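# Coordinate inspection notes
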Amino acid sequence: MRRLRSVKIVATLGPASSSYEMIRALHEAGADVFRLNMSHGSHDEIAERHAIIRKVEEDCQSTIGILADLQGPKLRVGTFANGEEELEEGASFRLDLSDAEGTASRVTLPHPEIFAALEPGAHLLVNDGKIRLKVETCGEDFADCSVITGGTISNRKGVNVPDVLLPLAALSDKDRADLEFVSNLGVDWLALSFVQRAEDVIEARELCKGRAAILSKIEKPAGVKAFEDILEVSDGIMVARGDLGVELPVQNVPPIQKRLIRRCRSAAKPVIVATQMLESMIESPMPTRAEVSDVATAIYEGSDAIMLSAESAAGDYPVEAVTTMNNVAVEVENDPTYTEIIEASRVAKRATVADGIVAAAREIAETTDIKAICCFTSSGTTALLTARERPRVPIIAMTNDVGTARRLALTWGTECVITGELERFKQAVVNAARAARAGDYADEHDQILVTAGVPFNTPGTTNILRVAPCDERLIYNTDPE
């Protein structure tokens, strides 16, 4: 299913989008990847949605990526005797390990690892930052705090600790069970929450054993600080602006988003911008102007994908939300300013033969009448390198690995075609020409660019660049065996 845009759309599934009819409608409206949120839904429900996605993929003859988003450790206060209490600014409030129900002066925080890491002066944020506490004194089982920003605190509200690196693994026991389940199920991407250090990603990769690509969610100040190390060991990145905007001053988030997108592009790794992109469309058929501008900004910055969360999972207008995102993307990418911004932010990479070939392919495509770049890829690396160049023409990724094709559904500007095993270069060029014609990228009078590696089906061997006609008769008459 050809899209008229390069940026990809990720739609989260949930109660509002769990039927075959709705999931197909979301895909037809523009969703390229579906997110399964492991924080909600049983394994049976997740398996059912996974099966429906694969059925839609088969019926639509598309390539659809599936991303399983692990919950990560959830830090929450305990319960209150009255259900809730009102904290006044300037008041004292204690967090401790006691099992007693909470009062107006204290509540349980059942996470000894937090107390082990706290120091006087640290801040704790409760209920998405609506309540702010400052640690005055603390010990191994308590923290006496002053209330900086008051408000209503109630049962099991979330706690953020932005000022310290918590001695917590990114994977809880639930996450480990979920990881094993979805890896066996056959998801394409695993999104890892609460990433603070590269070791968190390495642990997940060892457990995954190559069954899915690893995408790290940057939602903690510690993750931002260690971003270079995290990026190096990740297959992709999600800029998860929800907790990031809670734990950091909100004005810090846009520059971080821009910086992370550029670093991911330079590393040829896909990046998703997520959280509250069309939040008002949970209840309204129309977004706000500010939300449209936010979506457009992520596209102008060159992100690979933009994501819907509750808008498509639990909202009243899931199809309309995807349609809106699709329409904004098409409009932005048709703006000449978009091309100027994308090309001005291109970073030259010439470290390998493959780097040089994809850069040359992009330059040739932009200076001659080339309709598409067809890259043969086994692992997906050549397609990722081609996408990093952000060429003005479509990228057709030709692969014999359906898993590679599904993972590339998250990558900017890339359409995937499953091809059989190839043994001869001429056969590859013919397949590329057929794919370009079948997808309406070109007709028999046009030319395409073909990149490939010999020997075939060997990762990391991209070493051929060919300007090829789409007329098969010319290919057979001119190309070597």
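Residues numbered from 1 in each chain as written. Predicted model: local features only at pLDDT ≥ 70, side-chain atom pairs only at ≥ 80, totals over all residues. Heavy atoms only, no water.

## So, the nonpolar core
Grouped together as the largest cluster of nonpolar side chains are 75 residues, with contacts concentrated most on Phe34, Leu190, Ile299 and Ile306. Ranked by the residues each element gives to this core, the list is headed by helix α12 (residues 318-333), at six residues. Apart from the residues lying within four places of it in its own chain, the contact partners of Phe34 are Ala11, Leu13, Ile23, Leu26, His27, Ile53, Ile64, Gly65, Ile66 and Leu67. (Core = buried A, V, L, I, M, F, W, Y, C linked by side-chain atoms within 4.5 Å. Buried < 20%, exposed > 50% of the residue type's maximum accessible area, 1.4 Å probe, protein only. Helix = DSSP H or I, 4+ residues; strand = E, 2+ residues; numbered from the N terminus. Contact = heavy atoms within 4.5 Å.)

## Details of unusual backbone geometry
For Phe194, which is not glycine, the phi torsion reads 60° and is therefore positive. By the secondary structure assignment, Phe194 is in the loop between β12 (189-192) and α5 (198-208). At Arg390, a position not held by glycine, the phi torsion is positive, near 50°. By the element assignment, Arg390 lies in the loop between α15 (381-388) and β18 (395-399). On the basis of relative accessibility, which here comes to 4%, the residue Arg390 falls in the buried class.

## Points about the packing of aromatic side chains
This model, assessed by the stated rule, comprises one aromatic pair. Taken together, a centroid distance of 6.2 Å and an interplanar angle of 55° make the contact between Tyr300 and Tyr338 tilted. Here Tyr300 is found in helix α10 (residues 289-300), whereas its partner Tyr338 is found in helix α13 (residues 336-344), with 38 residues between them in sequence. Relative accessible area serves as the criterion here: at 22%, Tyr300 is assigned to the partly exposed category. (Phe/Tyr/Trp six-rings, centres within 6.5 Å; stacked < 30°, edge-to-face > 60°.)

## Thoughts on helix α2 (residues 43-60)
An α-helical segment advances 3.6 residues per turn. Residues three or four places apart therefore align on the same side. Compared with an ideal rise of 1.5 Å per residue, which puts 18 residues at 26 Å, α2 spans 26 Å between its outermost C-alpha atoms and is within 8% of the ideal. Residues Ile46, Arg49, His50, Ile52, Ile53, Arg54, Val56, Glu57 and Cys60 constitute the buried set of α2. Considering only its buried residues, α2 is in contact with β1 (8-13), α1 (20-29), β2 (33-37), β3 (65-69), α4 (173-185) and α16 (402-407). A positive phi of about 55° marks Gln61, the residue just after α2. (Expected span 1.5 Å × (residues − 1).)

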